[in-house]
Amino acid sequence: MSQQAGTHRPSPEEQRRRVVRAKQARRRVAISAVSTVVVLGALAVVVVTSPGWGVVRSTFFDLDYAREVLPAVFKGLLLNIRLTIVASVAIAILGLALALARTSKAAALTPFRILATAYVDLFRGVPTLLVILLVGFGVPALQLTGVTSSVIILGTTAIVLTYSAYVAEVLRSGILSVHPSQRAAARSLGLTSGQALRYVVLPQGVRRVVPPLLNDFVSLLKDTGLISVLGVIDAVRAAQIESSKSFNYTPYVVAAVLFLLLTIPLTRMTDRFVHRAIERQNAQVGG
Amino acid sequence: MTGTPVLRVEDVYKSFGAEQVLQGVSLAVPEHTVTVLIGASGSGKSTLLRCVNLLTPVDDGVIRLDDWDITDPDVDPDQVRRQIGMVFQSFNLFPHLSVLDNITLSPRKVHDVPRARAEAEGMALLERFGLADKARQYPDRLSGGQQQRVAIVRSMAVSPRLMLMDEVTSALDPVLVNEVLSTVRELKSEGMTMVIATHEMGFAEQVADEVCFLSAGIIVERGRPEAVLHDPQDQRTRDFLRRVHEAGRL
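Note that the coordinates shown come from a computational prediction; the quantities given were computed from them, not determined experimentally. (Residues numbered from 1 in each chain as written. Chains lettered and ligands numbered in written order. Predicted model: local features only at pLDDT ≥ 70, side-chain atom pairs only at ≥ 80, totals over all residues.)

## Considering the overall build of chain A
Helix and strand content of chain A: eleven helices and zero strands. Its C-alpha radius of gyration of 27 Å places chain A more than 25% over the 19 Å reference for a compact globule of 287 residues. Projected onto the principal axes, the alpha-carbon positions of chain A cover approximately 85 × 75 × 25 Å. Counting all 287 residues of chain A, 28% fall into the buried class. Within chain A, counting contacts between residues at least 6 apart in sequence, those at least 24 apart form 73% of the total. (Helix = DSSP H or I, 4+ residues; strand = E, 2+ residues; numbered from the N terminus. Rg over C-alpha atoms; globule rule 2.2 N^0.38 Å. Buried ≥ 20, exposed ≤ 12 C-beta atoms within 10 Å, placed from the backbone. Contact = placed C-beta atoms within 7 Å.)

## Re the overall build of chain B
Scanning chain B from terminus to terminus reveals nine helices and ten strands. A compact globule built from 250 residues would reach a C-alpha radius of gyration of about 18 Å, and chain B, at 18 Å, matches this within 12%. Along the three orthogonal principal directions, the C-alpha set of chain B runs to about 55 × 45 × 40 Å. The buried share of chain B, reckoned over its 250 residues, is 44%. Long-range pairs, those at least 24 residues apart, make up 65% of the contacts in chain B with a sequence separation of at least 6.

## A word on the interface of chain B and chain A
Taken together, the 19 residues of chain B in the interface contact 18 residues of chain A. Contributing elements (two or more residues each) for the side of chain B that touches chain A: α2 (77-81) and α3 (99-109) of chain B. Examining the composition of the side of chain B that touches chain A, we find that three residues originate from one element, α3 of chain B, more than from any other. When the residues that make up the side of chain B that touches chain A are grouped by side-chain class, the tally is eight nonpolar, five polar and six charged. (Nonpolar A, V, L, I, M, F, W, Y, C, P; charged D, E, K, R; others polar.)

## Here's the deal with the sheet that holds strand β6 (residues 84-87) of chain B
Note on sheets: strands pair through backbone hydrogen bonds, and any given pair is parallel or antiparallel. Residue and element names in this part refer to chain B. Strand order in the open sheet made by the six strands is β6-β7-β8-β3-β9-β10, with mixed pairing throughout. Each end of this open sheet is capped by a strand with a single partner; those strands are β6 and β10 (218-223). Here the strands of the sheet are splayed against their neighbours by 20° on average, with no regard to which way each runs. Relative to β10, strand β9 (residues 210-215) runs antiparallel, the two being bridged by five bridges. Considered in β10, the bridge of V211 is made with G223. (Pairing = 2+ DSSP bridges. Axes fitted to C-alpha atoms, helices over the stretch in contact; angles between N-to-C directions.)

## Let's talk about the nonpolar core
General note: in soluble globular proteins, nonpolar side chains tend to be found buried as a group. V36, L37, V52, L164, M165, V195 and V211 of chain B are the most contacted members of the largest nonpolar core, which totals 108 residues. Not counting residues up to four positions away in its chain, the partners in contact with M165 of chain B are V87, V184, M194, I196 and A197 of chain B. Judged by nonpolar contacts, the second largest core, of nine residues, contains V69, A238, A239 and A255 of chain A. (Core = buried A, V, L, I, M, F, W, Y, C linked by C-beta atoms within 7 Å.)

## Digging into the packing of helix α6 (residues 151-177) of chain A against helix α9 (residues 210-223) of chain A
All names here are of chain A. It is at 10 Å that the axes of α6 and α9 come closest, and there the two elements cross at 165°. On the basis of their axis angle, the class for α6 and α9 is roughly antiparallel. When you trace α6 past α9, the crossing you get is right-handed. Listed contacts from α9 to I159, Y163, Y166, V167 and V170 of α6 are P212, L213, D216, L220 and D223. Here the contact of α6 with α9 is composed, by residue class, of eight nonpolar, no polar and two charged. (Parallel < 35°, antiparallel > 145°, perpendicular 65-115°, else oblique. Left-handed = near helix turned anticlockwise from the far one by under 90°.)

## Some points on the pairing of strand β8 (residues 194-197) of chain B
Residue and element names in this part refer to chain B. Every second residue of β8 is oriented toward a common face, with M194 and I196 on one face and V195 and A197 on the other, all of them buried. For strand β3 (residues 34-38) and β8, the ladder comprises four bridges, and the chain directions are parallel. Looking at the pairing, V36 lines up with I196 of β8.

Below, the structure written as structure tokens:
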């Protein structure tokens, strides 16, 4: 290290290598551009020249009609967003409670552990749509006093029931992934098992499962559309109403595009988060 | 060295399944003294330390901390651990907390020390052990030696009655071993009562008041470090020290 940082000049050999590398890079860009144009162009030609394209364009991609139904579908989407926010808070609380019940070893919590396991088995194993139908139509049929018959609340409840089972399993795997030596270190410092869980195990476990939790959040946003089967006027139902007026399916495409505008940024964010987490982990191993 | 020993281990047995790890170990550690446990891997050193910290329950025998039978099933293990500091081979710092938060977690949550005071005391400790500039860093930014020194400071922060160290230098490369050992030496000079399991014979000779050589779950030889390490009486101790010597660790 006799040379000072920043004063090093690349050797002629290195300069030559840089020229070659730049040429290789230009060639890679050219190849990927050409192959993209060829593949996507071919796809577009196949679709547009197909015999039914004229009919499909007018029934699925009618731009004027799309503009006309947009406000109604968008209003429905706002309901999906609201339900997603409310449901995710409830899911976080219930999911965490289930995960803690399943991972706890306390003797007094044995019945809760059994109940939580049965709960997770049940709601993870039944299709979401069936849970929505059973809760949405079954609970009002019981005619219990004091229990709501609002389909919005019942539908959201059904989704919360299902998703808290998913989220509980994700959180549980996060809790179990924290090495036992962390708990031992916490206990040896005098922390009770509850304190060790709260200050040492949970913060690390939850951090590790943020990417899968974000995935579940995106799925949740989409699945709030399922409660349209109960007659709730969300984006999906609004699109259905509009399209049944005109026998034109453009409203469905409008709804799909609106969902995509929400979910694509969310999934990109998740990807970036996962990427950063992996990089950090690699840096740790290397350091 | 008068009065009741801080730690007394009386005829302790422990097995994991068919494997008998401790087969009647007895030990007395007077206040302000350092007992060093040596022996091959699997001789029971770590298990003995884990039993003292109640991380592993004993199968038989009694362990007393200041005359308090801590192997009594009615004893609250948390109460015991609050008086015993333990440092592990693998550091076990909490990676999601800064160095200072690692140190103040137990004082704040277990001993109800207000945050400001806990942090002031934590900073004073870091200062003393030359780690003050690392207070706001996270463990993954520190070298192994620094991490282990933080782990030692973390155990010191609750003013333990007794300190247990389980091969605290085994995960470190030779250059970093010394900084950790000098931290341990400093604890000794302050009068901390310690039980240390180690493979560093030179270090054992420097800090130990008593050296115990464990083999197959029993203490086969014990005494002053110069006696046990340089003039061993038992054949098993001689064999072990010769192997260590051949490996260039003495």
